[in-house]
Each structure stands twice: as C-alpha cells, then as structure tokens.
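One-letter residues, chain by chain:
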Amino acid sequence: MSGTADRSGLVPQYEEQRPKGWQPWRATFGHTPLKCAADTEAVVCLLTNGTYEARDAADGHRLWTSDGRSAEDRGTNGEAYLGPTGALFMPGDDQDPVVRGGTTVVAYKGRLQVRESRSGDVRWTVGAPAGKKVTGALLTDDHLIVSSEGEPGGPGGPLGATVQAFPREGRGGDPVWTYDLATGTLAKAEQGGYTAALAHDGVVYADSEDGVIALDEKKGDRVGGVYDDGQCRTLMAEPASGQLLCSQVIGDTGEFDDPTADPQTRVTRLAPRTLAVEGKFGFKAPPIGSDGHPGLDVVVSAVTPDAALAYDTTGGRLLVADPKNGRVTREERLSVVDYVIERPVSSGALVIGDRALTADNTTLRTVPLTKSGEVRGVKVPGAPGNRRPEPPQDTGTVLADLPKPPTVLPLGGIATIVYDQGTVVSVELPS
C-alpha cells in the first residue's frame, strides 16, 4: 500500500478520477487476496491460490480472471504459504499486479502480460532473459520496467539480476535497454533483492550489488553516484522536493550510530539523480508501557514536506512526525488482535490532502497531520471484523490463515478496501 508510482504514500484526490457511474458497493473475491492495485477501471488482486481476479471499480462485478498455474502445483496444495525459514511458496504466479491508467500488468506462467484493465484483453507479453525469472515490474508513461534474476539451480543461463525497459505501447520484442544489477550467483538472502524499486521524473531507481543506483529511463545509462550505506527497507520519491528517501532500521542513540541499541528507523534524503546525501532524520518511536521500552519495528509509509507517517508494528500505533527531525508530534492507537503476540490489523497510513488515511477490519479513519484535530471515522458496511488466526504448522504458515491488514486503495474521493479473506468494499472517504 504505497499509493502512486513514486511510492511516497501521497495520494491526491481528484473528482475526475472517480470511476464513472460509481455507487457504494460490496463484493467478494473468489479466493484470499494477497496483493492488490487499482485504477479508475478495475481493482486487480493476486490471490493466494496463484491466480488473478479483476473487479469493476464502479460497481464491483467480476471483470476477468487469469489462471497461470501449472499442473504440478509446486507442492503447495493450492495455497501460498511461508516455509519455516520465511520463504514464500506459491501455487502459481507470484508477481504483484501493476495497475495504472487503464493498463494492468500481471504474470502468466513466468511471463508478464500487459492487459486492458477493464476487458482483460492481452495486448502483449514479455519474459525474462533466457535462464532468468521475472522478479518485478514497474509501469511508467512510456515504459514497462522489468526486473529479473537467475533462477537457483536453473538451466545454466545468465546469472545475477537484470533490469530491462520495454516500450509501454510496444508488442514485446527486444528491450530498449538492459542493465545488470548484479552478476554471479545470488545468495539466498539476495534473491529478489536486486530490482527496480520505483520510477520517478524520468529516472529508474534500483537496488543493485553496489547499492541504490539511478538509471536514465530513456537510455538506461547510470546517472550520478550510488548510495551504499546499507540496504534500504523502503524507497520513495517525495513529490515536492523530488528527493529519494531511503528508510533503514538501525541502532539508535540519538545519532543512529550505536549498533547495540534498540533498532529504530532512519530516513535518508538523497538528491534526485546524483543520490548525494542531502539530509536525514530518525523516527523515534515513543515508549510502550511503563517500562520505557521503545517500539522495535517502525515502518515508514508516507512522507510530505509537513509530515512523515509511520506505523509501529510492535505497539500497534500510527505515528505522525516532523519530517525535519523525526520528532513524533501525534500518536494514534491502531487495532490489534492477540495471538501469542499482538498483531496490528490496521493498514499503513496514506496521505490524502491534509489527513492520514488508514483502515482496520471494521472502520475507515482519517487523522489530521497536526498535533490536534478530530479523528474522523466511518463504520464500513459489510466489513468482516477481526478474526482469530489459525496457529502455524511446523511445516509453515498458510497465508490465507494469517490475519493481514486491509489494503486501502483511495481514488477520486472514494476508498476501496480489500480485506484479508476476500471481502472488498468501496465507500466514500470520511468527510
């Protein structure tokens, strides 16, 4: 849930983006959703059985489905699950859907399909280089940006990781350019890590074996330098400044340089093309309870010139902070469920106008970005409410059994909310 293509979490609301003929609606996906995206035509989700399903953004009726599963089912018994080491096993395709401006990109038996969002008609397809598998996709005004990597134990094709650009209105064929993000055999921890993370203002930003790099979108040439001060947990481009923001979990003693301290989150501001460091701030979570223990997992979800938003997955709180110094100026409790440990069931916050938007399994809320001001909430008709998770098995955790926060897709003054077991509701934003 990162909002627009710049990953900033800032989602302006324009009346003309409201789906034509929209009325409040409720529907149910045919299986448990895993990842979702939307435009004015369709809401498209990758489901935990390895298929895709598209729903009309105006009224929720089913538009099309895509099933690229192979006969052998990859030993998953038809359900995505996390193995004991945290590795994801899917019964079919596993690429997040990309939905933008009437165009949808999904995977199909290892290749990418570029489709009409509404009809589902396939315009063209493209695959990874021989011996590699697709690991990610971005869609810009001009290009489809495809990341891929050598398959472990594959047929001896090219090793390492690669990013390629294809004309958005093309018909497949040769890429406009290719850039190697990593060479040689990838370690297990590196697999899936070297990809194009976002594209903004004519630049593709990618994680590489050298660090974060910037590539000219038209030519594929590397521009500027590299940011190599540790791996970024998230990358986003701030629209107002154009700066690239890299968030990292680090030790915190005020200067973020003590590796023995409790982990906190640092956000580093990088120049748009050169990636030179132009500033940084630390996200210091307030203590939990009377023992003064700090939040251990603070995930940044949005940054604007006036506010930085994060959610504390340990304490179940939405944090609003000053983007200059990271000082928390507002804190709102998020909904949690208790099973051995508390699990937040509220979405990470996006920014709409001067408010943060978040949802749990009953309610859609907006929170002012200022120190004071009223939280506005609306009970979502047909929202499923909280559920108790199934206990994990020794062989792994079935994703459909694990409660997940809802996905909120705001567009044109409405919010389409996809809940973890398949319910999807589209309502107006709280006024």
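Data block above holds the structure.
Structure report, in brief. Quantities reported herein were computed from a predicted structural model and do not represent experimental measurements.

With respect to the overall build of the chain
- In terms of helices and strands, the chain carries zero helices and 39 strands.
- The 431 residues of the chain split such that 53% are buried.
- Partitioning the intrachain contacts of the chain with sequence separation of at least 6 by distance along the chain shows that 48% fall at a separation of at least 24.
- Surface exposure of the chain reaches about 18,700 Å², of which carbon and sulfur atoms provide 47%.

Focus on the sheet that holds strand S6 (residues 81-82)
- Spatially, three strands are ordered S7-S6-S36 in an open sheet, and the strand pairing comes out antiparallel. Two strands bound the open sheet, and with one partner strand each, they are strand S7 (88-89) and strand S36 (397-398).

Focus: the sheet that holds strand S38 (residues 414-418)
- Sheet architecture is open: four strands sit in the order S1-S39-S38-S37, paired in antiparallel fashion. One side of each edge strand has no neighbouring strand; the edge strands of this open sheet are strand S1 (25-28) and strand S37 (407-411). On average, adjacent strands in this sheet sit at an angle of 15 degrees to one another, irrespective of strand direction.
- The pairing of S37 with S38 spans five bridges and is antiparallel. Looking across to S38, one finds that Thr 407 is bridged to Val 418.

Re the state of the cysteines
- Summed over all chains, the structure comprises two disulfides.
- A disulfide bridge connects Cys 36 with Cys 45, and the sulfur atoms are separated by 2.0 Å. On the S-S bond that ties Cys 36 to Cys 45, the torsion sits near 110 degrees, and the link is right-handed.
- Relative accessible area serves as the criterion here: at 16%, Cys 36 is assigned to the buried category.
- Cys 45 sits in the buried class, given a relative accessible area of 0%.

Some details on the nonpolar core
- Among the nonpolar cores identified, the biggest contains 24 residues, and Val 44, Val 105, Leu 112, Trp 124, Val 126, Leu 144 and Val 146 are the most heavily contacted of them.
- Filtering out sequence-adjacent residues up to four positions away, Val 146 remains in contact with Leu 112, Val 126, Val 134, Gly 136, Thr 162, Val 163, Gln 164 and Phe 166.
- Grouped together as the second largest cluster of nonpolar side chains are 17 residues, Leu 138, Ala 165, Ile 213 and Leu 215 included.

Let's talk about the pattern of salt bridges
- Under the criterion given, the structure shown has 16 salt bridges.
- Across the pair Glu 53 and Arg 62 runs a salt bridge whose closest N-O atoms are separated by 3.2 Å.
- Note on Arg 62: relative accessible area 45%, which makes it partly exposed.
- Across the salt bridge formed by Arg 317 and Glu 331, the nearest N and O atoms sit 3.2 Å from each other. Of this pair, Arg 317 sits in strand S28 (residues 317-321) while Glu 331 sits in strand S29 (residues 328-333); the two residues are 14 residues apart in sequence, bridging distant segments of the chain.
- The exposure class assigned to Glu 331 is partly exposed, which follows from its relative accessible area of 39%.

Describing the pairing of strand S16 (residues 196-200)
- For S16, the buried fraction is high: four of the five residues fall into the buried class.
- Here S16 pairs with strand S17 (residues 203-208) via four bridges, running antiparallel. Bridge pairing links His 200 to Val 203 in S17.
- Hairpin connection, S16 to S17: the antiparallel pair is bridged by two residues, and Asp 201 has positive phi, about 55 degrees.

What counts, and where the lines are drawn
Residues numbered from 1 in each chain as written. Predicted model: local features only at pLDDT ≥ 70, side-chain atom pairs only at ≥ 80, totals over all residues. Heavy atoms only, no water. Helix = DSSP H or I, 4+ residues; strand = E, 2+ residues; numbered from the N terminus. Buried < 20%, exposed > 50% of the residue type's maximum accessible area, 1.4 Å probe, protein only. Contact = heavy atoms within 4.5 Å. Areas by Shrake-Rupley, 256 points an atom, 1.4 Å probe, with all protein chains shown as cover. Pairing = 2+ DSSP bridges. Axes fitted to C-alpha atoms, helices over the stretch in contact; angles between N-to-C directions. Disulfide = S-S within 2.5 Å. Core = buried A, V, L, I, M, F, W, Y, C linked by side-chain atoms within 4.5 Å. Salt bridge = Lys/Arg side-chain N within 4 Å of Asp/Glu carboxyl O.

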